[in-house]
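Observations on chain architecture
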Amino acid sequence: MKPNFDIELLPEAIEFLENLDDKAREKIYYNIKKSQFVNNNELFKKISDFIWEFRTLYNSKAYRLFSFWDKTDGKETLVVATHGILKKTQKTPPKEIKKAEEIRKQYLAYRQAGLESKTKNK
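These lines cover the structure that appears in this document, whether it is placed above or below. (Residues numbered from 1 in each chain as written. Predicted model: local features only at pLDDT ≥ 70, side-chain atom pairs only at ≥ 80, totals over all residues. Heavy atoms only, no water.)

Restricting attention to buried positions, one finds in helix α1 (residues 11-18) the residues Ala13, Phe16 and Leu17. Burial along α1 is one-sided: seen end-on, the buried residues are contained in an arc of 95°. Projecting away from the buried face of α1 at angles above 90 degrees are the exposed residues Pro11 and Glu18. Residues of α1 that are buried sit in contact with β1 (6-9), α2 (22-35), β4 (61-70) and β5 (78-87). (Buried < 20%, exposed > 50% of the residue type's maximum accessible area, 1.4 Å probe, protein only. Helix = DSSP H or I, 4+ residues; strand = E, 2+ residues; numbered from the N terminus. Arc of directions from axis to C-beta. Contact = heavy atoms within 4.5 Å.)

Right under this line is the structure:
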């Protein structure tokens, strides 16, 4: 079965995952993989105009990996995970959503610049 989307982890998301204990990290990876095949708001949910979050509840702790869709290459849709947090309250902190939005803007500007230079060099 083919996944509905591919996932790319940016350095800050990788660092977040690497700093977790093995069991928590495995559970998060399992849920990310599962979200590629099933549409489930408990695993992958839209939280603002452009930002989504991968959601994992493990050992009574709420882990979140913020992400966004990248459709710039016109091929496969890619979800890019920006960074992660261990959520301490019911509400997602607005500053974390803002941070994900800023990372998204930088990423897309970088991608656009890269794509433009490729087409000019042809």
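Aromatic ring pairs are defined here through the distance separating the ring centres and the angle between the ring planes. Within the structure shown, the criterion is met by 7 aromatic pairs. An aromatic cluster is present here, built from Phe5, Phe44, Trp52, Phe54 and Trp69 joined pairwise through their rings. In this arrangement the basic side chain of Lys71 is found over the ring face of Trp69, its NZ or CZ atom lying 5.9 Å from the centre. The ring of Phe50 carries Arg104 above its face, with NZ or CZ at 3.8 Å from the centroid. (Phe/Tyr/Trp six-rings, centres within 6.5 Å; stacked < 30°, edge-to-face > 60°. Lys NZ or Arg CZ within 6 Å of the ring centre and 35° of its normal.)

Here Val38 is to be found in the loop between α2 and β2 (44-46). For Val38, a relative accessible area of 37% puts it in the partly exposed group. Linking Val38 and Pro3, residues 35 residues apart in sequence, is a C-alpha distance of 8.9 Å. Dropping the residues within four chain positions of it, Val38 is found in contact with Asn4 and Leu43.

Attention now moves to the nonpolar core. Generally speaking, soluble globular proteins have nonpolar side chains that are buried together. Formed by 15 residues in total, the largest nonpolar core has its most connected members in Leu20, Ile28, Phe54 and Leu65. Those residues in contact with Ile28, other than ones at most four positions away along the chain, are Leu17, Leu20, Thr56, Tyr63 and Leu65. Counting residues in each nonpolar core, the second largest holds 11 residues, with Leu10, Phe66, Ile97 and Ile103 among its members. (Core = buried A, V, L, I, M, F, W, Y, C linked by side-chain atoms within 4.5 Å.)

Moving on to the pairing of strand β3 (residues 52-58). A large share of β3 lies buried, amounting to 5 of its 7 residues. Where β2 and β3 come together, 3 bridges link them in antiparallel fashion. The partner of Lys45 across the bridge, within β3, is Glu53. What sits between β2 and β3 in their antiparallel hairpin is a turn of 5 residues. As judged from the 7 bridges shared by β3 and β4, these two strands associate in the antiparallel manner. Along β4, the bridge assignment pairs Thr56 with Tyr63. In this antiparallel pair of consecutive strands, β3 and β4, the connection spans 2 residues, and Asn59 shows a positive phi of 50°. (Pairing = 2+ DSSP bridges.)

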